[in-house]
Amino acid sequence: MAGSKLEVVDSATYARYGASDLATLLANESPVFIKSYGLGSLATSAFRGGAAQHTAILWNGFNIQNPMLGQMDLSLVPVASATDVRIQYGGGTALWGSGAVGGSILLNGGTHYAEGLSLDAGLRVGSFGQAREQLRIGFGDARWSLSVAAFHQAARNDFSYVVNDDSRRQRNAELEQRGVITELRRRVGSHQQVHFAHWYQFTDRNVPAPMHATQSEARQVDESQRITGGWQRNTARADLHVRGAWFDEGLWWYPNGMEVDRSRARTAIGEAELRWRPARGHAIGLGVNSTQAAAISIGYVDRPQQVRNALFGTYGYQHPEERWSMSASVRQERMDARWIPLTATVGAEHVLRPRWRVKASASRVYRVPTFNDLYWVPGGDRQLRPEQGYAAEAGVVGEEHMGRLHLSGEGTVFTRTIDDWIIWTPGPTYWSPMNLMRVWSRGVEARITAKWSSGRAIYSATLRTNHVVSTNQEARTPDDASVDKQLIYVPMYSGQLRLGVECGRTSAFLVGTYTGYRYTSTDNRSYLAPFTLWNAQFSHVLKVGPRGDLLLDLRGDNLLAEDYQVLADRPMPGRAFHVGLTYRFKQHRPAP
Amino acid sequence: MMMRSLFALLVLLFTAGCRKDRPDAPEEAPLEVGTHGVYIVNEGNFQWGNASVSYFDPATGAVNEDLYQPANGEALGDVLQHMVIHDGRAYLVVNNSGKVVVVDPHSFTTTATITGFPSPRAMLPVNPSKAYVSDLSAGRLSVVDLAGNSITGHIPCGQWTEAMVLVGEEAFITDQSRPFLYVVNTGTDELVDSITVPRGGNSIVLDAEGLLWIACGGGSGTAPALLRIDPVARAVQTALTFPNDGNHPWRLTTNGDGTILYFLNEHVHRMAISETALPGMAFIPADGRNFYGLGVDPQDGTVYVADAIDYVQRGVVLRHASDGALLGSFHAGRIPGGFVFR
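In this text, all values refer to a predicted model and were calculated from it rather than measured experimentally.

(A) Molecular detail of the overall build of chain B. Counting its secondary structure elements, chain B contains two helices and 27 strands. Against the 2.2 N^0.38 benchmark of 20 Å for 342 residues, chain B shows a C-alpha radius of gyration of 23 Å, consistent with a compact globule. Judged by the C-alpha coordinates and their principal axes, chain B covers about 95 × 50 × 45 Å. The 342 residues of chain B split such that 57% are buried. The contacts in chain B between residues at least 6 apart in sequence include a share of 42% that link residues at least 24 apart. Averaged over its 20 positive side-chain charges, chain B has a centre that lies 8 Å from the centre of its 35 negative ones.

(B) Inspection of unusual backbone geometry at higher detail. Each neighbour pair has its own omega, and for V377 of chain A with P378 of chain A the value is 0°, a cis peptide bond. Following the sequence through the fold, P378 of chain A ends up in the loop between α4 (371-375) and β24 (387-402). Going from D78 of chain B to V79 of chain B, the amide bond is cis rather than trans, its omega being -20°. Summarising the element assignment, V79 of chain B is placed in the loop between α2 (68-72) and β4 (80-86). Its identity as a non-glycine residue notwithstanding, N172 of chain A has a phi of 60°, on the positive side. One can find N172 of chain A in the loop between β12 (166-169) and β13 (175-188). Assessed through its relative accessible area of 16%, N172 of chain A is described here as buried. Residues other than glycine seldom take positive phi values, yet D336 of chain A does so here, at roughly 50°. Taking the relative accessible area as the measure of exposure, D336 of chain A reaches 38% and is therefore partly exposed.

(C) Fine view of empty space enclosed by the protein. Residue and element names in this part refer to chain A. Under the criterion given, the structure shown has three cavities of 30 Å³ or more. Here the second largest cavity is characterised by a volume of approximately 120 Å³. P31, F33, A46, R48 and V468 are the residues nearest the centre of the second largest cavity, which is lined by 14 residues in total. In terms of residue class, the lining of the second largest cavity is made up of nine nonpolar, three polar and two charged.

(D) Just a nonpolar patch on the surface, in detail. Residues and elements named next belong to chain A. A cluster of nonpolar side chains, namely L123, V125, F538, L552, L554, V579 and L581, defines an oily patch on the protein surface of about 550 Å² accessible area. Put simply, the parts of the chain that give the nonpolar patch at least two residues each are β8 (116-126), β33 (548-557) and β34 (576-586). Mapped onto the fold, L123 is located in strand β8. Using a relative accessible area of 54% as the deciding quantity, one classes L123 as exposed.

(E) Molecular detail of the nonpolar core. All names here are of chain A. Counting 32 residues, the largest nonpolar core has L22, L74, V85, I105 and L107 as the members making the most contacts within it. Secondary-structure elements contributing two or more residues to this core are α2 (22-29), β4 (55-59), β6 (84-89), β7 (103-108), β14 (192-207) and β16 (238-254). Element by element, the count of residues in this core is highest for α2, at four residues. Not counting chain neighbours up to four residues away, the residues in contact with V85 comprise E7, V8, V9, Y14, L22, L25, L106 and L107.

(F) Molecular detail of the interface of chain B and chain A. At the junction of the two partners, chain B supplies 49 residues and chain A supplies 62 residues. Carbon and sulfur atoms make up 61% of the area that chain B and chain A hide from each other, which totals about 4,500 Å². Applying the counting criterion to the chain B and chain A interface returns five salt bridges. Across the pair R525 of chain A and E65 of chain B runs a salt bridge, and its minimum N-O distance is 3.5 Å. Our enumeration of links across chain B and chain A arrives at 16 residue pairs in polar contact (both at pLDDT 80 or more). A total of eight residues in the side of chain B that touches chain A trace back to one element, the largest contributor, which is helix α1 (residues 2-15) of chain B. Here the residues of the side of chain B that touches chain A sort into 20 nonpolar, 15 polar and 14 charged.

(G) Geometry of the state of the cysteines. Residue and element names in this part refer to chain B. On inspection of all chains with the given rule, the structure shows zero disulfides over all chains. There is no disulfide at C157, and the cysteine sulfur nearest it, in C216, is 15 Å away. Of the residues examined, C157 reaches a relative accessible area of 2% and is grouped as buried.

Calculation notes
- Residues numbered from 1 in each chain as written.
- Chains lettered and ligands numbered in written order.
- Predicted model: local features only at pLDDT ≥ 70, side-chain atom pairs only at ≥ 80, totals over all residues.
- Heavy atoms only, no water.
- Helix = DSSP H or I, 4+ residues; strand = E, 2+ residues; numbered from the N terminus.
- Rg over C-alpha atoms; globule rule 2.2 N^0.38 Å.
- Buried < 20%, exposed > 50% of the residue type's maximum accessible area, 1.4 Å probe, protein only.
- Contact = heavy atoms within 4.5 Å.
- Lys, Arg positive; Asp, Glu negative; His and termini not counted.
- Charge placed at Lys NZ, Arg CZ, Asp CG, Glu CD.
- 1 Å grid on protein atoms, 1.4 Å probe; cavity = no way out; pocket = protein on both sides within 12 Å on 5 of 7 lines; lining within 4 Å.
- Points joined across faces, edges and corners; volume = space filled by probe spheres on them.
- Nonpolar A, V, L, I, M, F, W, Y, C, P; charged D, E, K, R; others polar.
- Patch = residues over 30% accessible without salt bridge, like charges linked within 9 Å, V, L, I, M, F, W, Y side chains within 5 Å.
- Areas by Shrake-Rupley, 256 points an atom, 1.4 Å probe, with all protein chains shown as cover.
- Salt bridge = Lys/Arg side-chain N within 4 Å of Asp/Glu carboxyl O.
- Core = buried A, V, L, I, M, F, W, Y, C linked by side-chain atoms within 4.5 Å.
- Buried area = accessible area lost by both parts, 1.4 Å probe.
- Polar contact = N/O pair within 3.5 Å; in protein donor to acceptor, adjacent residues only side chain to side chain.
- Disulfide = S-S within 2.5 Å.

As structure tokens, this is what we get:
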């Protein structure tokens, strides 16, 4: 996607969060605001002022957002589910379909060709009874790449917090999670590859009550099977991909420890894509996607099914001397018997001078209603329209070397409007969704990094600032005071300062994250106070034999014991510490 | 040169942002709870802990948006379904927080908290020392000892018990999910009878002639209706059925002497208890407002109707004279759903 902002989580950052979940990674290392219900509890994203349903989470190229809820609990996604994590900003529905409105998180597996045997074994313990064990075994030769990773974690999450000068302990927040992720790739001939991935995960957790409720005995069990597979053929002139996915997600909800509400969603996706390079610099792509989803829940009368078929095309151009590039994509989707509005993205980048680029992109975006929006009884409405709107952004990214000082930075401005934004509102006896709001989101994201090397040591400082204004544009009732007011739970200002020092095999980081006012009423009269969290990380790598490493890492979270709430009435932990030990072994280190 | 301007642009982007995010402090003067006033029961949002009780003084027009938090330094919880004043104490039934909070009606400081309810909906004092609490999910009523502020027993009853009214020695209890009106003997704490009514029984009042009126939202094959019931014969006397299921009568209440019924059905409707047909015209048309709560001052007949707007901002309360004329409006708390007059 030329012209839009993309951030790749670098390998050092990835390693530091390898035993963590995606919510923690994004909260600490990106401008994405994470709406966390507490340690180990539900965490969803607000990307550029959007709702949780406006972030697409793609695993190996397939959207894994739950079709019933249209959102993903990011606390359930281990960072270890991928080896390559990217944050794609802006509207991407022309490429990835419904939901890629505010941005997309791209999780991709890695390859281990020619590595021989490899091993990662890690142990981590921390405050509040947190413990995690993980093991990954890999094998790769010229033709095969195989990796099997298993993990298990448990936590009591029984931190204490203060309400009204009264110290309380979080109750009913225990968690246990285990999973296995298998990846297999094989090269066939010199131009072909087949790949397969499987991700099984089981999470059993208790759901704590809000601060002012008397108690909770609620429990939630999530179990999922996710499979992706495909075949690709790459030649000098063309690439052909045929791939498919199968997702099966179950959720068991025990409101008071006894009776159980079950729901289960299954999704099957098939996709074929041809990319053709007719001349130097030009690339044309054409593809089809078919997605079928079905769900069972006590909230649905029958077993609703949804069939979505899409046709998409892309065109890319790269100037021979790489002075500029552009891309365009278009997607037409049909859901059941209805046409979804045509979506498209165009973008371009221009190299101003070496290592400096300006870029811009614009897109039309959409999101189809979720199963719950359409079919939930009571309340669901089959006549709901898809949300749709327009997004655009422009930015500059560059870097400069000044002796031992290296400066880099990126600045982006964006704007997005969404019509027919779906929200659930309570009625006399039940809630129901409606195409109620028109929302205008706009903002500025900036990052500047300075690195200075002195002898063996590299000092670094990164400052990020984010300004997001996301406002409702339409009055719903005569006395509605929400017009031109910020959406609830979208911080208007947030920022991050990261200071680091790396010296050979030792590194230390100090990260401060500021989250500004978040309103808890649409008239912006009620709010949660801003908070700043300081975290510190220290890691040291010991050589163990010629091919092995032992990584020791220490992390301290909320060092100043800030008393804060991300969401109203949900307590958050004070100071916490973790210590981790990871052994890594690689038989061969392939030349990069 | 270009590089310098690019860095300047980056610096500009860092400092960009002209919108103030710090909210203004609410301009609120402490208000004395007087002898004649209106408590507004604000439900608050599910699981946000932000239920509140507003207070309006009709003599001065002064409003206090929340009595509870300033008096107790702590949020009340959510969802505040019901408030009742009994024997010099106010009882706040906080549904999702699973508790009944006992406060002094003047100072609003908490004197006790009664816990142990799965999902409490409403409270009915049946004698000076005993009350019943209905429940959304328990399938039984809780019996509360008002002296000890504790649950002393349960009465198996219905599924989602909701509104309650006392007629002599008997309590009549509506059910939102089952098509019955239950009769409980308050001396023996036993379910003694049930009267078949449409589903969705949400509110019940006693009229000037000693007869009961119940509003049913309908559902599952039963039509929405207002029913007049003889509590002695335990029989439906009049059934006024609404034409289609787009109707949803609720928040049934009466004027001070029980001769006029008021209820919500998108708009505010009213009818004399002698009527034999449903009212045709709205008494107060909603005009795009989201009417969510209704109360009638028993002293002067002023009609208070609450507009919950989008449920995520403070609501508006409109005051109408008994002839329908708009007297004024004021802001209450989040999701104003009920009124208590004293």
